[in-house]
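A look at the structure
One-letter residues, chain by chain:
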Amino acid sequence: MDTRELYADLKSLGTVETADDYSNLFGYGDSTIRSQWAKDTSPDLSAWVRLWFSLTTIANDTEKAIKSALNEERGEYEAGLEELRKLQTRVWRHIEALAG
């Protein structure tokens with residue numbers, strides 16, 4: 001899975017603002033993802049699992065926000081949540097491929 005593409009997708013959803021935020025979702029320090037990009041390497045299996053759990057937490061928080069959002073805001077939250085769930089599925093499939 002291309003970590004740069006995933007970063008762009010999460011950034012467009014407002015889930016992360018910087019590469020350091022993204023790195024933290026993997027359970028890494030601030031500059032680790034940028035270092036991996038420079039070296040053309042990818043996170044290890046455990047980091048991908050940590051990312052998946054981070055995305056699950058964000059999705060659960062979004063579901064709670066939807067319940068308390070005003071009607072006109074719900075549509076945006078729901079659309080973002082749907083995209084986030086799709087990304088979670090892609091990450092999980094990548095984890096399965098790495099583990100297999």
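Structural data are supplied above this passage.
A short tour of the structure in this document, coming up. All figures in this text were calculated on a predicted structure; none of them were measured in a lab. (Residues numbered from 1 in each chain as written. Predicted model: local features only at pLDDT ≥ 70, side-chain atom pairs only at ≥ 80, totals over all residues. Heavy atoms only, no water.)

1. Section: the overall build of the protein chain
In terms of regular secondary structure, the protein chain is built from 5 helices and 0 strands. Listing each helix as α and each strand as β along the protein chain from the N terminus yields α-α-α-α-α. On the principal axes, the C-alpha backbone points of the protein chain span a range of 45 × 30 × 20 Å. For the protein chain, the proportion of contacts with a sequence separation of at least 24, taken over those separated by at least 6, is 50%. Counting every atom, the protein chain has about 6,000 Å² of accessible surface; 50% of that belongs to carbon and sulfur. If you average the places of the 12 positive and of the 18 negative side-chain charges in the protein chain, the two averages end up 4 Å apart. (Helix = DSSP H or I, 4+ residues; strand = E, 2+ residues; numbered from the N terminus. Contact = heavy atoms within 4.5 Å. Areas by Shrake-Rupley, 256 points an atom, 1.4 Å probe, with all protein chains shown as cover. Lys, Arg positive; Asp, Glu negative; His and termini not counted. Charge placed at Lys NZ, Arg CZ, Asp CG, Glu CD.)

2. Considering the packing of aromatic side chains
Each pair of aromatic rings is reported with the distance of its centres and the angle of its planes. If you walk through the whole model with that rule in mind, you get 8 aromatic pairs. With centroids separated by 5.2 Å and ring planes inclined at 80°, the aromatic side chains of Tyr-22 and Phe-26 adopt a geometry described as edge-to-face. You'll find Tyr-22 and Phe-26 in the same group, each marked buried. Taken together through their ring pairs, the aromatic side chains of Tyr-7, Tyr-22, Phe-26, Tyr-28, Trp-37 and Trp-48 make up a single cluster. (Phe/Tyr/Trp six-rings, centres within 6.5 Å; stacked < 30°, edge-to-face > 60°. Buried < 20%, exposed > 50% of the residue type's maximum accessible area, 1.4 Å probe, protein only.)

3. A short note on the layout of surface pockets
Counted as a void, the largest pocket has a volume near 150 Å³. In terms of lining, the largest pocket is formed by Leu-13, Gly-14, Thr-15, Ile-58, Thr-62, Ala-65, Glu-76, Tyr-77, Gly-80, Leu-81 and Leu-84. Put simply, the parts of the chain that give the lining of the largest pocket at least two residues each are α4 (45-68) and α5 (71-99). With 5 residues, the single largest contributor to the lining of the largest pocket is α5. (1 Å grid on protein atoms, 1.4 Å probe; cavity = no way out; pocket = protein on both sides within 12 Å on 5 of 7 lines; lining within 4 Å. Points joined across faces, edges and corners; volume = space filled by probe spheres on them.)

4. What to know about the packing of α4 against α5
Closest axis-to-axis distance for the α4/α5 pair is 9 Å, and the angle between their directions is 160°. For the element pair α4 / α5, the angle class is roughly antiparallel. The way α4 lies across α5 gives a crossing that is left-handed. Split into classes, the residues belonging to the contact of α4 with α5 amount to 18 nonpolar, 5 polar and 5 charged. (Axes fitted to C-alpha atoms, helices over the stretch in contact; angles between N-to-C directions. Parallel < 35°, antiparallel > 145°, perpendicular 65-115°, else oblique. Left-handed = near helix turned anticlockwise from the far one by under 90°. Nonpolar A, V, L, I, M, F, W, Y, C, P; charged D, E, K, R; others polar.)

5. Concerning the side chain of Thr-3
Its place among the elements puts Thr-3 in helix α1 (residues 3-13). The class of Thr-3 is buried, set by a relative accessible area of 6%. Those residues within four positions of Thr-3 in sequence are excluded, and the remaining contacts are Tyr-22, Phe-26, Trp-37, Ser-42, Pro-43 and Trp-48.

6. With respect to the nonpolar core
Note that soluble globular proteins tend to have their nonpolar side chains buried in a common cluster. If you look at the biggest cluster of nonpolar residues, it comprises 22 residues, and the most contacted ones within it are Leu-6, Leu-10, Tyr-22, Phe-26, Trp-48, Leu-51 and Val-91. For this core, the leading source of residues is α4, giving 6 residues. Beyond its immediate stretch of four places on either side in the chain, Phe-26 contacts Thr-3, Ile-33, Pro-43, Ala-47, Trp-48, Arg-50 and Leu-51. (Core = buried A, V, L, I, M, F, W, Y, C linked by side-chain atoms within 4.5 Å.)

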